[in-house]
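# Fold and contact review
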Amino acid sequence: CNAVHVVGGGARNPLWRRILADALQRPVALLAEPESAALGAAIAAAWTARRLDGEAVAAHAVAAPFVRSEGAATEPDPALAGLYADMGQRLRDLTAKIFG
């Protein structure tokens, strides 16, 4: 799965999902489960238990049946990829200059 899954109050904001999709150049999907932290903990526990039992299973394989998105994913705008890449490089350059 190449989508980024988001949860929480800010994730419900379409503009924030648009910014994330454009900056990350990945589809951004809102998770349907409102208690995603609890679901994530349960999935991690299930994955750990299966691994301890000797099963060579990937975390994604354990999670996939339980993770559902709400609505269509926000797709990135390829035209903005360069803008976000440039801003990211400026941030890295300034951070290195200040703290490097």
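Below or above, wherever it landed, is the structure these notes cover. (Residues numbered from 1 in each chain as written. Predicted model: local features only at pLDDT ≥ 70, side-chain atom pairs only at ≥ 80, totals over all residues. Heavy atoms only, no water.)

## With respect to the overall build of the protein chain
When helices and strands are counted, the protein chain shows 4 helices and 3 strands. The order of helices and strands in the protein chain, counted from the N terminus, is β-α-β-α-α-β-α. A compact globule built from 100 residues would reach a C-alpha radius of gyration of about 13 Å, whereas the protein chain, at 17 Å, exceeds it by more than 25%. When the backbone C-alpha atoms are referred to their principal axes, the protein chain occupies close to 50 × 35 × 25 Å. Within the protein chain, the fraction of its 100 residues that count as buried is 19%. Counting contacts in the protein chain only where the partners sit at least 6 residues apart, residues at least 24 apart contribute 67% of the total. For the protein chain, the accessible area works out to roughly 6900 Å², and carbon and sulfur atoms hold 62% of it. Placing the 10 positive and 10 negative side-chain charges of the protein chain at their respective mean positions leaves the two points 4 Å apart. (Helix = DSSP H or I, 4+ residues; strand = E, 2+ residues; numbered from the N terminus. Rg over C-alpha atoms; globule rule 2.2 N^0.38 Å. Buried < 20%, exposed > 50% of the residue type's maximum accessible area, 1.4 Å probe, protein only. Contact = heavy atoms within 4.5 Å. Areas by Shrake-Rupley, 256 points an atom, 1.4 Å probe, with all protein chains shown as cover. Lys, Arg positive; Asp, Glu negative; His and termini not counted. Charge placed at Lys NZ, Arg CZ, Asp CG, Glu CD.)

## Points about the pattern of salt bridges
Counted under the stated rule, the structure contains 3 salt bridges. Among the salt bridges present, the one from Arg-12 reaches Glu-70, with a minimum N-O distance of 3.0 Å. Taken together, the residues span a long stretch of sequence, with Arg-12 in the loop between strand 1 (4-6) and helix 1 (14-24) and Glu-70 in strand 3 (residues 69-74) at a distance of 58 residues. When its relative accessible area of 44% is taken as the criterion, Arg-12 is described as partly exposed. Across the pair Asp-22 and Arg-18 runs a salt bridge whose closest N-O atoms are separated by 3.1 Å. Of this pair, Asp-22 and Arg-18 are both found in helix 1, 4 residues apart, which corresponds to roughly one turn of the helix. Take Asp-22: its relative accessible area is 2%, and that puts it in the buried class. (Salt bridge = Lys/Arg side-chain N within 4 Å of Asp/Glu carboxyl O.)

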